[in-house]
Amino acid sequence: MTEVLPDLPDLRAAFWRGVMPRRPRPAAVTTKEVVVPGHTPDPEALARYARVCGFTLRDALPPTWLHVLTFPLHLHLLADPGTTLPLAGLVHVRNRMRLHRPTLLTEQLEIGSGIGNLRPHRRGALVDLTGRVHVGAELVWEGVTTYLARGAQVAGAAGSAHHSRDARQDSFVPATEPGGAGAIWRLPADLGRQYSEVSGDPNPIHTSRLAAKAVGFARPIIHGMWTHARVLAALENRLPDSYEVAVEFTKPILLPGTVGFAAAPRPGGWDAAVTTRDGSKPYLLARIDY
Amino acid sequence: MQLPRTAVVVGGNRTPFAKANGAYAPASNHDLLTAAIDGLVARFGLAGQRMDEVVGGAVLKHTRDFNLTREAVLSSALAPDTPACDLQQACGTGLETVVYLANKIALGQADIGIAGGVDSASDAPIAVSEPLRRALLAANAARTLPSRLQALAGIRPSHLAPETPRVVEPRTGLSMGEHQARTTKKWDVTRAEQDELAAASHQHLAAAWDSGFFDELVTPYLGLTRDATLRPDTSVEKLATLKPVFGGPDGTMTAGNSTPLSDGAAVVLLADADYAAAHHLPALARLVDAEVAAVDHPGGADLLLAPVTAVGRLLARQGLTLADFDLFEIHEAFASTVLATLKAWEDEEYCRSVGLPGALGSIDRAKLNVTGSSLAAGHPFAATGGRIVATAATLLHQRGPGSRGLISICAAGGQGVAAILEGM
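### Looking at the overall build of chain B
(1) Moving on: When you go through chain B residue by residue, the secondary structure sums to 14 helices and 12 strands.
(2) Moving on: Over its C-alpha atoms chain B spans a radius of gyration of 22 Å, differing by no more than 12% from the 22 Å that the globule rule assigns to 424 residues.
(3) Moving on: Principal-axis analysis of the C-alpha atoms gives chain B an extent of 75 × 55 × 45 Å.
(4) Moving on: Counting the 424 residues in chain B, one finds 56% classified as buried.
(5) Moving on: Pairs at least 24 residues apart make up 80% of the contacts formed inside chain B by residues separated by at least 6 positions.
(6) Moving on: When the accessible surface of chain B is totalled, it reaches about 16,900 Å², and 53% of it is carbon and sulfur.
(7) Moving on: Put simply, chain B has 34 plus and 44 minus side-chain charges, and the middle of one group is 6 Å from the middle of the other.

Spelled out as structure tokens, the structure:
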């Protein structure tokens, strides 16, 4: 079933619906898909996003901005009565997206999303939220966001035949290890608030020390999708018109913080990493394939 | 003087120009300049190529943009090992960047490069007041907490008001419009003449857009596909209804015959003639020569008439007269700037007073700003030179080899830049 929405839904309502405590039930996700048929990008909103993430403001939309446009639909599906996963326990572990062609600020977009591929993980269950952006009938962008639902119970155990397929799909190995940090990024204490404002993500663990402490972090953490966007912004003019990018969020970055960034080209793509300042431990690993 | 090599204009690209706080309100100088460069790269297939140099500039510049052009190059599709430099000469910036690069090409120091400029009146830098800036610097330099607090204690509430940039001459305290109003009166430039020139600028620019002239010169940006200031339906009658904004209640200068604050960027691709031929690049026009001049405006000289001196010296050096030109591009800072310039060219006494041998003469007005100029297109300060050079080179190429164009651009500080292009 596909639910058609007139425009991108309000994030806050869906978020608070989603974080309400739910009766423990076997993990399940809705079979519903959701689509917004006619969305016109807002140049002002894009400019604010570009400024916070380090992109030059261009007519071509950053692929991570297209993800931001699908995010309210993700929340809408997670808050759906047919989905039993507690939103507060979700950890964004990896993301994959393909830009099929440059998508322009002036184009009218159809934005769609679905949820599925619920599968066991040693710490709970993994679930995929998919996103698709069409211009007319043409698919211009698609993405898969994988969340870990901590403690969620899914039929079938880790290590089953079913799981081995997912394990391959979920494994993430950059083709080559990028070298030591080539750049230093200084993340200010209010970066979480800045990115929350431009992305609409209302999760308080990015803005409030108390909320961060409640889920086990000493300080607020920056959104994984900010770090992802910052990586693409750093490579913006080196990337072709069409590419796939997969990232794995290995460790949260606490705010304020100073991190390292390294990127290395290889035939057919790039490997990049956001690391500790000395380059020894990764926060994010990225693989870009043309 | 014979130069070792010939610098040619290969082509140009600019964004459509927007009104301040219009379509480009969210864009920075960096964004705009990158957009203009990337459009040029797309037009001439330069992606991944190293230019010998990119030179650009902006008049309203943030301190963070100390390396504006280099940073735009790094965001563009050009090879990252393309060097860049920033140059600034108020509204002369754009033309000066072309002269700088063309000279390097002519001397054999570069084969190919990009020159141009950008300005955003929407994203103008705002500075803190001078007393606040001094106090913050002192506090920053203080080594102990008490001395730091002492430095900060000097801050008064009145120091906290931010300072926006003003288009005011530091030595006279007059805005450019107020200066030009004096010139307008002194040279007896009438309201009717000004409105007529403004209407012609809009009509010429509109006709050029309609004919597809700018298809080769402009790339849309942020949804804007034409210059936002352009009013194809304007007329002398409509312009006559506007109230004066400079020169008091009896003034003749209105919002209609003065350039609006604008946002935009323009760049020009320049190359050595032989290099262009070897790489199958077009050559629209060659840069023959250029001259810069200044007048003593604190001493009472007309602020925006310095290009008259520049043009006079340039013609003398080249052994040319105004009659030798097929096109005149006089930057329309104000309609009355163009009209006073034409009157000054005809004025024996004025020309002698600035050290020229005599009057430069009259021109056929049908050769003036034939595809419109800044009154209709808008005037993002440092972008105007690139717009005019690319436009003039295209027009001269249409007129054929040997056709000549004269460019005259006035600038703040009582300065002016002039250049001669010759069609190829």
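Picking up after the structure, the text goes on.
### Looking at the overall build of chain A
(1) Moving on: When helices and strands are counted, chain A shows seven helices and 11 strands.
(2) Moving on: Taking all 290 residues of chain A together, 54% fall into the buried category.
(3) Moving on: Counting contacts in chain A only where the partners sit at least 6 residues apart, residues at least 24 apart contribute 74% of the total.
(4) Moving on: Surface exposure of chain A reaches about 12,500 Å², of which carbon and sulfur atoms provide 55%.

### So, the domain arrangement of chain A
Residue and element names in this part refer to chain A.
(1) Moving on: By the assigned domains, chain A splits into domain 1 (1-171) and domain 2 (173-290).
(2) Moving on: Contact with domain 1, which involves 31 residues of that partner, is made by 30 residues of domain 2.
(3) Moving on: Carbon and sulfur atoms supply 59% of the area that domain 1 and domain 2 bury against each other, a total of about 2,700 Å² over both sides.
(4) Moving on: Contact with domain 2 buries area across many residues of domain 1, yet Val52, Cys53 and Arg98 alone supply 19% of it, more than any other trio.
(5) Moving on: Across the domain 1-domain 2 interface, the total number found is four salt bridges.
(6) Moving on: Where Glu244 meets Arg96, a salt bridge forms, and the shortest distance between an N and an O atom there is 3.3 Å.

### Some remarks on the sheet that holds strand β10 (residues 269-276) of chain A
Residues and elements named next belong to chain A.
(1) Moving on: Across the sheet, 11 strands lie side by side as β1-β2-β4-β5-β6-β3-β8-β11-β10-β9-β7; this open sheet has mixed pairing. Each edge of the open sheet carries a strand with a single partner, namely β1 (2-4) and β7 (183-187). This sheet shows a mean twist of 20 degrees between the axes of neighbouring strands, independent of strand direction.
(2) Moving on: Across four bridges, strand β2 (residues 33-39) lies against strand β4 (residues 109-121) in antiparallel orientation. Note that in β4 the partner of Val35 across the bridge is Gly112.
(3) Moving on: Lying over the sheet, helix α3 (residues 63-78) contacts β1, β2, β3 (90-99), β4, β5 (124-135), β6 (138-150) and β8 (243-249), oriented at roughly 65 degrees with respect to β4.

### Details of the confidence of the model for chain A
All names here are of chain A.
(1) Moving on: The share of residues in chain A with pLDDT of 70 or more is 89%, and the mean pLDDT across the chain is 88.
(2) Moving on: Looking over chain A, one finds the lowest element-wise mean pLDDT in helix α4 (residues 161-170), namely 44, and the highest in helix α7 (residues 224-234), namely 97.
(3) Moving on: Predicted confidence is poor over residues 159-169, with pLDDT under 50, and the contacts of this stretch with residues over four places away or in other chains come to nine contacts.

### Description of the pairing of strand β11 (residues 282-289) of chain A
All names here are of chain A.
(1) Moving on: Across six bridges, the pairing between β8 and β11 is antiparallel. Following the sheet pairing, Val245 is matched in β11 by Ile288.
(2) Moving on: Taking the residues that link successive antiparallel strands as the turn, the β10-β11 hairpin has five residues, and the phi of Gly279 there is positive, at about 85 degrees.

### What about helix α2 (residues 43-53) of chain A?
All names here are of chain A.
(1) Moving on: Three or more residues of α2 are buried, namely Ala45, Leu46, Ala47, Tyr49, Ala50, Val52 and Cys53.
(2) Moving on: Against α3, α5 (191-199) and α7 lie the buried residues of α2.
(3) Moving on: Capping the start of α2, Asp42 holds a side-chain oxygen 3.0 Å from the backbone nitrogen of Glu44, two or three residues further along.
(4) Moving on: Phi for Gly54, located one or two positions after α2, is positive at around 95 degrees.

### Considerations on the interface of chain A and chain B
In many analyses, interface size is given as the accessible surface area lost on bringing the parts together.
(1) Moving on: Residue-level contacts link 13 residues of chain A with 19 residues of chain B.
(2) Moving on: For Asp31 of chain B, the salt bridge identified is with Arg51 of chain A, shortest N-O distance 3.1 Å.
(3) Moving on: Across the chain A-chain B interface, the total number found is 12 residue pairs in polar contact (both at pLDDT 80 or more).
(4) Moving on: Partitioning the side of chain A that touches chain B into residue classes produces four nonpolar, three polar and six charged.

### Focus: the side chain of Ser262 of chain B
Residue and element names in this part refer to chain B.
(1) Moving on: Along the polypeptide, Ser262 turns up in strand β8 (residues 262-272).
(2) Moving on: From its side chain, Ser262 meets the backbone oxygen of Pro260 in a polar contact 2.8 Å long.
(3) Moving on: A polar contact is formed between the side chain of Ser262 and the backbone nitrogen of His379, at a distance of 2.8 Å.
(4) Moving on: Discounting chain neighbours no more than four positions away, the residues touching Ser262 are Ala18, Lys19, Ala20, Asp119, Ser120, Ala121, Gly378, His379 and Pro380.

### Brief notes about empty space enclosed by the protein
Residues and elements named next belong to chain B.
(1) Moving on: One pass over the structure, following the stated rule, counts one cavity of 30 Å³ or more.
(2) Moving on: As a volume, the largest cavity reaches approximately 40 Å³.
(3) Moving on: Around the largest cavity sit Gly12, Asn13, Arg14, Phe214, Leu217, Ala266, Val267, Gly386, Arg387, Ala390 and Thr391, which together line it.
(4) Moving on: With four residues, the top contributor of residues to the lining of the largest cavity is helix α14 (residues 384-399).

### Considerations on unusual backbone geometry
(1) Moving on: Between Leu255 of chain A and Pro256 of chain A the backbone carries a cis peptide bond, its omega angle lying at -10 degrees.
(2) Moving on: Here Pro256 of chain A is to be found in the loop between β8 and β9 (257-266).
(3) Moving on: Despite not being glycine, Asn21 of chain B shows a phi value in the positive range, around 60 degrees.
(4) Moving on: Mapped onto the secondary structure, Asn21 of chain B falls in the loop between β2 (18-19) and α1 (29-44).
(5) Moving on: A positive phi angle is found at Leu222 of chain B, which is not glycine, with a value near 50 degrees.
(6) Moving on: Tracing the sequence through the fold places Leu222 of chain B in the loop between α7 (191-210) and α8 (236-239).

What counts as what
- Within each chain, residue numbers correspond to sequence positions counted from 1 in written order.
- Just so you know, chain letters begin at A and ligand numbers begin at 1, following the order they were written in.
- Restriction of local features to residues with pLDDT of at least 70 applies here, the model being predicted, together with a cutoff of 80 or more for giving and counting side-chain atom pairs; totals for whole chains, interfaces and linings are based on all residues.
- Excluded from the side-chain calculation are hydrogens and water; included are all heavy atoms of the structure.
- We count a stretch as a helix when DSSP gives it H or I for four or more residues in a row; a strand needs E for two or more, and each element gets its number in order from the N terminus.
- We compute the radius of gyration from the C-alpha atoms alone; for a globule the expected value is 2.2 Å times N to the 0.38, where N is the number of residues.
- For every residue, the accessible area obtained with a 1.4 Å probe (protein chains only) is divided by the maximum for its type, and the residue is called buried under 20%, exposed over 50%, and partly exposed between those limits.
- Contacts are residue-level and defined by heavy atoms, with any inter-residue pair within 4.5 Å sufficient.
- In these tables, accessible area is a Shrake-Rupley quantity obtained with a 1.4 Å probe, and a residue counts as shielded only by the protein chains included in the view.
- Charged-residue counts in this description rest on Lys and Arg as positive and Asp and Glu as negative, His and the chain ends being excluded.
- Taken as the charge centre is NZ of Lys, CZ of Arg, CG of Asp or CD of Glu, depending on the residue.
- Domain start and end points were adopted from an automatic or database domain assignment.
- A quick way to say it: buried area is the sum, across both parts, of accessible area lost when two parts are put together, with a 1.4 Å probe.
- A pairing counts as a salt bridge when a side-chain nitrogen of Lys or Arg comes within 4 Å of a carboxyl oxygen of Asp or Glu.
- Strand pairing follows a simple DSSP-based rule, namely that at least 2 bridges must link the two strands.
- Between N-to-C directions, angles cover 0 to 180 degrees, with each direction set by a line fitted to C-alpha atoms, over the stretch in contact for helices.
- Predictor confidence is given residue by residue as pLDDT, running from a minimum of 0 to a maximum of 100.
- Any N or O atom pair separated by 3.5 Å or less is treated as a polar contact, with the protein-specific requirement of one donor-capable and one acceptor-capable atom, and with residues adjacent in sequence counted only for side-chain atom pairs.
- Three categories are distinguished: nonpolar for Ala, Val, Leu, Ile, Met, Phe, Trp, Tyr, Cys and Pro, charged for Asp, Glu, Lys and Arg, and polar for the others, with Gly belonging to the last.
- Residues are said to line a cavity or pocket when one of their atoms sits within 4 Å of a point; the points come from a 1 Å grid over protein atoms alone, cavities being sets where a 1.4 Å probe fits but cannot get out and pockets being open sets with protein on both sides within 12 Å along at least five of seven lines.
- Grid points are joined across faces, edges and corners, and a volume is the space filled by probe spheres set on the points.

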